[in-house]
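Per-entry structural report
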Amino acid sequence: MDKKLFVYLVAVIFLTFHLVSFAEESSDTSDTSDVIILGTANFSEIVDPEILFLIEFYAPWCGHCQSLAPEYEKAATILKTENIKLAKVDCTSETEKCKEYDIKGYPTLKVFKGGRIADYGGGRQADLIVSYMKKQALPAVSDITVDNFDTFKDSDDVVIIGFWNFDSQKEHDVFVEVAELLRNNYLFGQTGQKEAAEKAGVIAPAVVLYNKLEGSTEFFNGTYEKEILIGFIKAYSVPVLGEIGPENYSAYVESGLPIGFLFYENEEQYALLKSSVEPMLKKCKGLMTFGYIDAIKYGAHAENINLKQKWPAFGIQKLVVNDEFEKFPFDQDKEITPESLGEFVTLFMEGSISPAIKSEPIPEKNDGPVYTLVSYNFEEVVYNKSKDVLVEFYAPWCGHCKKLGPIYHELGTLYSEYKDKIVIAKMDCSENDLPPVVPFKIGGFPTIKLFKAGDNEIVDYADDRSLDSFVEFLKVNAFNKVDVEVKVESETDSSETSSPSSSSSSSSSSSSSSSSPSSSSPPSSAAASATSTGDKHDEL
């Protein structure tokens, strides 16, 4: 036999052997997986008969999908014993099926339950998936007895049980209403058995929260009103001290309690912070929570509390309304000790510390065509009732802001002789917070608003960014009327979206011509500090 032919045949046999082996391994992996693979051919046949199904719509190249895969597999194996099935659909091959369910990002998880479809709202770790889906399989409130009381109260991280008698219809109805609202997050049970109430050490009507993570039992002592009961549940469902990351940050925020962030980058700093905060935990329980932050991963969040990325560090974030926060940074020139941290937290709890506002110094000279605003002079200038003030809120990294710069400067020059009536101003939102008096948040850059003289009405600028359009806008909307002449027409700004580079692997699209701050960060200020291309840490 020809030597070349012999070598060729051996290579073909070798390759065939390995391809068969690989196929068998792949088949074995598929056979042993508890995650069901769905496509157009088998989707309805498998899903429709089931009462409850969790389905992941994914793409093989997606990094988040790859990270989820082992956790999803673990959850599928655990939930198999509960007769709750998990499945997945590859959207790169099943494009029509994914289009049918309006899949726009990966992974997207949806709960199919009794003919209804809802977005999955749980975490992406196996235990969180299991916990969430178990709740979906149960009614909003499960009936329990003295016999299954212990098993039920230990069946999830946070369990809330109501104890009733014949005279507690009102309390019962409020409890059920709250349970319907929070059923995706917590496990609710109820009983009318006197023996169960005695076992819990309560007299009906009563509500008890069992927190397995904390090893604590909390008794509700408020009036039976929906918002009050919700507040109790959220406040006592988060640990008074724990590790905070992207997977649980929202739970801490939703508790409504102030959060004390403890930033560390090594074990020594972690131990220092632990010893400094532990003496305060008992008196702060139910009033404030504390969370460790791995500064190597999420150090940029410190800037949202007006802290420098210098470790260790401590700061408090207080939810005021909606997504608005007040910030209380601990002085980074002071040493962190149990005494210094204890004094700071005590003063905060007493309301003796004012929230910090991030601001550049007020410029010594501010007589250019465009007035430079900082947080410290914002109210004085912008809310001056004798002047109309047009403000550009910008970020230095924003491409659209850079392109607008010459046009906006020309606009300022045009109105320079009328500064007693109309002021053209700008503020760098990466270095300055919006003062609390401002009734809006900045969602993208540049954002341009007119603060009118007289009543200080705020008018959004939404026209193209040409000099002519700015002049026309002011002519129509400004309280003070002045005549200016545009000699040279400015080129209209592009509507193409630009954005800073980001370490986040999640992506979003926008048809707006504004650059948006990172949506992965907690909305604590107009400045989204981690959008700067120079940051070395991610936000939460």
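What counts and how
Residues numbered from 1 in each chain as written. Predicted model: local features only at pLDDT ≥ 70, side-chain atom pairs only at ≥ 80, totals over all residues. Heavy atoms only, no water. Patch = residues over 30% accessible without salt bridge, like charges linked within 9 Å, V, L, I, M, F, W, Y side chains within 5 Å. Areas by Shrake-Rupley, 256 points an atom, 1.4 Å probe, with all protein chains shown as cover. Salt bridge = Lys/Arg side-chain N within 4 Å of Asp/Glu carboxyl O. Lys, Arg positive; Asp, Glu negative; His and termini not counted. Charge placed at Lys NZ, Arg CZ, Asp CG, Glu CD. Helix = DSSP H or I, 4+ residues; strand = E, 2+ residues; numbered from the N terminus. Buried < 20%, exposed > 50% of the residue type's maximum accessible area, 1.4 Å probe, protein only. Polar contact = N/O pair within 3.5 Å; in protein donor to acceptor, adjacent residues only side chain to side chain. Contact = heavy atoms within 4.5 Å. Pairing = 2+ DSSP bridges. Axes fitted to C-alpha atoms, helices over the stretch in contact; angles between N-to-C directions. Parallel < 35°, antiparallel > 145°, perpendicular 65-115°, else oblique. Left-handed = near helix turned anticlockwise from the far one by under 90°. Nonpolar A, V, L, I, M, F, W, Y, C, P; charged D, E, K, R; others polar. 1 Å grid on protein atoms, 1.4 Å probe; cavity = no way out; pocket = protein on both sides within 12 Å on 5 of 7 lines; lining within 4 Å. Points joined across faces, edges and corners; volume = space filled by probe spheres on them. Domains from an automatic or database assignment.

Here the focus is a negative patch on the surface. On the surface, Asp463, Asp464, Asp468 and Glu472 cluster together into a patch of negative charge. Mapped onto the elements, Asp464 comes out in the loop between strand S20 (458–460) and helix H17 (467–477).

In this structure, Asp388 sits in strand S17 (residues 388–394). No salt bridge is formed by the buried Asp388; its nearest oppositely charged neighbour, Lys452, is found at 6.3 Å. Among the polar contacts listed, one links the side chain of Asp388 to the backbone nitrogen of Ala453, at a separation of 3.0 Å. Contacts of Asp388, omitting those with residues within four sequence positions, involve Lys421, Ile422, Val423, Leu450, Phe451, Lys452, Ala453, Ala478, Phe479 and Asn480.

Below, the discussion takes up the sheet that holds strand S4 (residues 108–113). If you walk across this open sheet you meet the five strands as S1-S3-S2-S4-S5, and the pairing is mixed. Strands with a single pairing partner mark the edges of an open sheet, and in this sheet they are strand S1 (35–38) and strand S5 (116–119). Strand-to-strand twist across the sheet, computed as the mean angle between neighbouring axes with direction ignored, equals 30°. Where S4 meets S5, four bridges bridge the pair, whose relative direction is antiparallel.

Another aspect to go through is the pattern of salt bridges. The tally for this structure, following the rule as stated, stands at 15 salt bridges. Here Asp34 ties to Lys80 by a salt bridge, and the two come within 3.1 Å at their closest N and O atoms. In this pair, Asp34 is assigned in the loop between helix H1 (3–32) and S1 and Lys80 in helix H3 (residues 63–80), connecting sequence segments 46 residues apart. Lys80 gets classed as exposed once you look at its relative accessible area, which sits at 56%.

So, on to the sheet that holds strand S19 (residues 447–451). Where strands meet in a sheet, backbone hydrogen bonds hold them as pairs that are either parallel or antiparallel. Spatially, the five strands line up as an open sheet ordered S16-S18-S17-S19-S20, and their pairing is mixed. A strand with exactly one partner marks an edge of an open sheet, and here the two such strands are strand S16 (371–373) and S20. Neighbouring strand axes in the sheet, compared pairwise and without regard to direction, differ in orientation by 30° on average. Where S19 meets S20, three bridges bridge the pair, whose relative direction is antiparallel. When the sheet's bridge partners are listed, Leu450 is paired in S20 with Val459.

A separate point is the packing of H3 against helix H5 (residues 126–137). H5 packs onto H3 with a crossing angle of 45° between their chain directions and a minimal axis gap of 8 Å. Considering the angle they form, H3 stands oblique to H5. Relative to H5, H3 is oriented so that their crossing is right-handed. Packed against H3, whose contacting residues are Leu68, Glu71, Tyr72, Lys74, Ala75, Ile78 and Leu79, the element H5 presents Ala126, Ile129, Val130, Met133 and Lys134 at the interface. Looking at the contact of H3 with H5 residue by residue, the classes come out as nine nonpolar, no polar and three charged.

At their nearest, the axes of helix H16 (residues 399–414) and H17 sit 10 Å apart, and the two run at 45° to each other. It follows that H16 is oblique to H17 by the angle criterion. The handedness of the crossing between H16 and H17 comes out as right-handed. Between H16, through Leu404, Ile407, Tyr408, Glu410, Leu411 and Leu414, and H17, the contact on the second element is made entirely by Leu467, Phe470 and Val471. Across the contact of H16 with H17, the residue classes break down as eight nonpolar, no polar and one charged.

Moving on: empty space enclosed by the protein. Taken as a whole and judged by the stated rule, the model has three cavities of 30 Å³ or more. Contributing to the lining of the largest cavity are 13 residues, with Ala235, Tyr236, Val238, Val240 and Lys285 lying nearest its centre. Residue assignment for the lining of the largest cavity shows that the elements contributing at least two residues are strand S10 (216–219) and helix H9 (226–237). Of the residues that constitute the lining of the largest cavity, the class distribution is six nonpolar, four polar and three charged. Of the domains in this structure, domain 2 (140–237) and domain 3 (241–350) are the two that each give at least three residues to the lining of the largest cavity. Here the second largest cavity defines a volume of roughly 40 Å³. Residues belonging to the lining of the second largest cavity are distributed by class as follows: six nonpolar, no polar and two charged.

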